[in-house]
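Notes for the structure review
One-letter residues, chain by chain:
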Amino acid sequence: MSENPYLWIEKSLSTIHQARWYRYPRTIESVSGAEILIEGRLAINFGSNDYLGLSNSDRLKEAATIAIHKLGVGSTGSRLLTGHRELHRQLELELAALKQTEDALVFSSGYLANLGAIASVVGKRDLILGDEYNHSSLKNGAIFSQATPIDYQHCNLADLSRKLEQNRCHYRRCLIVTDTVFSMDGDLCPLPGILELASAFNCMVLVDEAHATGVFGANGAGAVEHFGLTGSPLIQVGTLSKALGSLGGYVAASKQLIEFLTNRAPTFVYTTGISIADTAAALAAIEIVRQEPERRQQLWQNVRYLQELICQEIPTIELLPSASPIICIPLENPERALAAAQKLRDEGIFAPAIRPPTVPTSRLRVSLMATHEKQHLEALVGALRKITDNK
Ligand SMILES: *Cc1c(COP(=O)(O)O)cnc(C)c1O
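Heads up: these notes are all about the structure in this document. (Residues numbered from 1 in each chain as written. Predicted model: local features only at pLDDT ≥ 70, side-chain atom pairs only at ≥ 80, totals over all residues. Heavy atoms only, no water.)

**Section: unusual backbone geometry**
A cis amide bond, omega 10°, links Pro356 with the succeeding residue Pro357. In the Ramachandran plot, Glu39 falls in the positive-phi region, its phi being about 45° despite a non-glycine side chain. Of the residues examined, Glu39 reaches a relative accessible area of 33% and is grouped as partly exposed. In this structure, Asn202 takes a positive phi of about 55° despite not being glycine. Tracing the backbone through its elements, the reader meets Asn202 in the loop between α7 (191-200) and β7 (204-208). Judged by its relative accessible area of 61%, Asn202 is exposed. (Buried < 20%, exposed > 50% of the residue type's maximum accessible area, 1.4 Å probe, protein only. Helix = DSSP H or I, 4+ residues; strand = E, 2+ residues; numbered from the N terminus.)

This is the structure we're talking about:
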């Protein structure tokens, strides 16, 4: 008599429930802007990655529509076979121009760009040193590559240096990997120090600019530009799906590395090319990032206003250290975080509770957009004050 080989699923699900880790997708029933209709209720939206409010921009929608009418919907194949159009190349050249790198390569998502880039540049005989708070795609990229992954303490240069001293000499190549803006904390990696150590220990450096592109730097190129490190020997990965309001990922780097990835990155070679609409929309978004710095300025004005307001109105709240539009309020445990998010929902505010295993400690995560108005931020602080008063 055979047992049911799928029985374990029920047990695993109940463990997830018991730990209060269970999640499900919530339906947004409106355009995703500063205000949304979510599960039948109106809310001010503090959960979006659409930092510049471009995902619903007329220019992106028009660009996507025109391209679809001209070229169809699907790209119909991998980029090296039938999936490549002139639009793809234009997007890559625009990304390289924004980042001021020799070239760029577009992938179907940021996650795939990270997996492909990491697995192409290191292998079995190599070492990866990664920040312990790195995004899932960087951690899984390390596993995919079969290199030896070692985590260093979050943003801790002394720990990185110690681990390089102890380990570097035992491996052929070494890749240091970090988010520039940490997606669940909102702080910045110490990029100048990381580059110095990389140079001292002969390491490559891959930075993930997912939350920085379009947001940081005088031209919106990202944290690399913000730090004055444009032109450094880096592998810059990012996404088209956050501030750029579309979908897809990219690597911006030297011409040689891009040629190499084009031939070797399995998540480029063996997957269907990014869709026509997403490509056209991302192209339009980069143009807006370059032509309309006022959107970025408005975003940063909102960040400053919210921080001031919290500081004045609820001085008892100790925010996690942030240098970005991602602002986190720490809470003791998953139950508290869930209860706080629920209370905010009752006040018409959507700000998700982020819990283990995504992060080591529970928190409310607020992400700001250029399209938030003062009244939205004031409503958030009013609701936060209510829930902290009632603790
Ligand atoms: C969102 C995100 C990604 C993945 O990008 P997608 O285009 O959504 O696949 C990668 N790295 C970081 C840090 C991210 O926040």
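**Considering the site of the ligand**
Taken together, the neighbourhood of the ligand is formed by 15 residues, with Gly110, Asp208, His211, Thr239 and Lys242 sitting nearest. Within the side chain of His211, a nitrogen or oxygen atom sits 2.7 Å from an oxygen atom of the ligand. At 3.3 Å from an oxygen atom of the ligand is found a side-chain nitrogen or oxygen belonging to Ser241. Ranked by residue count, the leading element in the shell around the ligand is helix α4 (residues 110-121), at three residues. Among the residues forming the shell around the ligand, the class breakdown is two nonpolar, ten polar and three charged. (Near = heavy atom within 4 Å. Polar contact = N/O pair within 3.5 Å; in protein donor to acceptor, adjacent residues only side chain to side chain. Nonpolar A, V, L, I, M, F, W, Y, C, P; charged D, E, K, R; others polar.)

**Thoughts on helix α2 (residues 58-71)**
Owing to its 3.6 residues per turn, the α-helix aligns residues three or four sequence positions apart on the same side. The end-to-end C-alpha distance of α2 is 20 Å, a good match for the 20 Å that 14 residues give at a rise of 1.5 Å each. When α2 is considered as a whole, its buried residues turn out to be Leu60, Ala64 and Ala67. Considered in projection along α2, the buried side chains sweep an arc of 70° and stay on one side of the axis. Opposite its buried face, α2 presents the exposed residues Asp58, Ile66, His69 and Lys70, each directed more than 90 degrees away. (Expected span 1.5 Å × (residues − 1). Arc of directions from axis to C-beta.)

**Thoughts on the side chain of Arg168**
Here Arg168 is to be found in the loop between α6 (157-167) and β6 (174-179). No salt bridge is formed by the buried Arg168, whose closest oppositely charged neighbour, Asp126, lies at an N-O distance of 6.8 Å. One polar contact links the side chain of Arg168 to the main-chain carbonyl oxygen of Arg172, over a distance of 2.9 Å. Setting aside residues up to four positions removed in sequence, Arg168 forms contacts with Leu127, Lys163, Arg173, Cys174, Phe201, Asn202 and Cys203. (Lys, Arg positive; Asp, Glu negative; His and termini not counted. Salt bridge = Lys/Arg side-chain N within 4 Å of Asp/Glu carboxyl O. Contact = heavy atoms within 4.5 Å.)

**Brief notes about the packing of aromatic side chains**
Here the distance between the centres and the angle between the planes together describe a pair of aromatic rings. A complete count under the given rule lists two aromatic pairs for this structure. Centroid distance Phe107 to Phe268: 5.8 Å. Interplanar angle 65°. Geometry classified as edge-to-face. Separated by 161 residues along the polypeptide, Phe107 in strand β3 (residues 103-107) and Phe268 in helix α10 (residues 266-269) bring together distant segments of the chain. Here Phe107 matches Phe268 in class, with each residue buried. Measuring from centroid to centroid gives 5.0 Å for Phe216 and Trp300, while their planes differ by 80°, and the two rings are edge-to-face. Residue Phe216 is found in the loop between β7 and α8 (223-226), and its partner Trp300 is found in helix α12 (residues 293-313); the two are separated by 84 residues along the sequence. Given the relative accessible area of 2%, Phe216 is considered buried. (Phe/Tyr/Trp six-rings, centres within 6.5 Å; stacked < 30°, edge-to-face > 60°.)

**Considering the sheet that holds β6**
Across the sheet, which stays open at both edges, the seven strands sit in the order β3-β9-β8-β7-β6-β4-β5 with mixed pairing between neighbours. Of all the strands in the sheet, just β3 and β5 (148-152) have a single pairing partner and so form its edges. On average, each strand axis in the sheet is tilted by 20° relative to the strand beside it, whichever way the strands run. One ladder, built from five bridges, connects β6 with β7; its direction is parallel. (Pairing = 2+ DSSP bridges. Axes fitted to C-alpha atoms, helices over the stretch in contact; angles between N-to-C directions.)

**Describing the packing of α12 against helix α14 (residues 374-389)**
Think of two packed helices as two axes; the pair is described by the angle between the axes and how far apart they sit. Interaxial distance between α12 and α14 falls to 10 Å at its minimum, and their mutual angle equals 30°. As the angle between them shows, α12 and α14 are arranged roughly parallel. Between α12 and α14 lies a crossing whose hand is right-handed. The residues of α14 that touch α12, namely those facing Asn302, Tyr305, Leu306, Leu309, Ile310 and Glu313, are Lys374, Leu377, Glu378, Leu380, Val381, Leu384 and Arg385. (Parallel < 35°, antiparallel > 145°, perpendicular 65-115°, else oblique. Left-handed = near helix turned anticlockwise from the far one by under 90°.)

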